[in-house]
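Close look at the chain arrangement
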Amino acid sequence: RPSQLVEFLASRPGAKVVVFFMTCASVDYFAAALEGLAPLRDAGVRVWPLHGKQSPKKRTASYRDFCAAPAGVLFATDV
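Residues numbered from 1 in each chain as written. Predicted model: local features only at pLDDT ≥ 70, side-chain atom pairs only at ≥ 80, totals over all residues. Heavy atoms only, no water.

1. Digging into the overall build of the chain
For the chain, the count of helices and strands is four helices and three strands. Its C-alpha radius of gyration of 12 Å places the chain within 12% of the 12 Å reference for a compact globule of 79 residues. Projected onto its principal axes, the C-alpha coordinates of the chain cover approximately 30 × 25 × 15 Å. The buried share of the chain, taken over its 79 residues, is 37%. (Helix = DSSP H or I, 4+ residues; strand = E, 2+ residues; numbered from the N terminus. Rg over C-alpha atoms; globule rule 2.2 N^0.38 Å. Buried < 20%, exposed > 50% of the residue type's maximum accessible area, 1.4 Å probe, protein only.)

2. Examining the state of the cysteines
Under the definition given, this model contains zero disulfides. Summary of cysteine pairing: Cys 67 is not part of a disulfide, and the nearest cysteine sulfur, belonging to Cys 24, is at 19 Å. Look at Cys 67 and you get partly exposed, because its relative accessible area is 38%. (Disulfide = S-S within 2.5 Å.)

3. A closer look at the nonpolar core
One finds Leu 5, Leu 9, Val 19, Phe 21, Leu 34, Val 73 and Phe 75 to be the most contacted residues of the largest nonpolar core, which totals 15 residues. Elements supplying a minimum of two residues to this core: helix 1 (2-10), strand 1 (16-20), helix 2 (24-35) and strand 3 (72-76). Element by element, the count of residues in this core is highest for helix 2, at four residues. Beyond its immediate stretch of four places on either side in the chain, Val 73 contacts Leu 9, Val 17, Val 19, Val 45, Arg 46, Val 47, Trp 48 and Phe 66. In this structure, Trp 48, Ala 69, Leu 74 and Ala 76 belong to the second largest nonpolar core, which totals six residues. (Core = buried A, V, L, I, M, F, W, Y, C linked by side-chain atoms within 4.5 Å. Contact = heavy atoms within 4.5 Å.)

4. Quick word on the sheet that holds strand 1
Two orientations exist for strands paired in a sheet by backbone hydrogen bonds: parallel and antiparallel. In spatial order, the strands read 1-3-2; together these three strands make up an open sheet with parallel pairing. In this open sheet, the two strands that pair with only one neighbour each are strand 1 and strand 2 (47-50). Averaged over neighbouring strand pairs, the angle between their axes works out to 20 degrees when direction is ignored. The pairing of strand 2 with strand 3 spans four bridges and is parallel. (Pairing = 2+ DSSP bridges. Axes fitted to C-alpha atoms, helices over the stretch in contact; angles between N-to-C directions.)

Laid out in structure tokens, this is it:
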């Protein structure tokens, strides 16, 4: 449920979390939708999408950015 996911992520603003989705479209949708929500934005939660339809350059950049960040959320498929 999206509301539970938002609550879970907003309650852990200093954590690193990986959320797996079944489709590339789901990754893009939830990354765009949840990143703009007030509870996550106000908590300073950063979101990175990562899936197989992205270019290798973009996938690598998302992965590196997530790894380098002190906290955040990686929305991914089983790339």
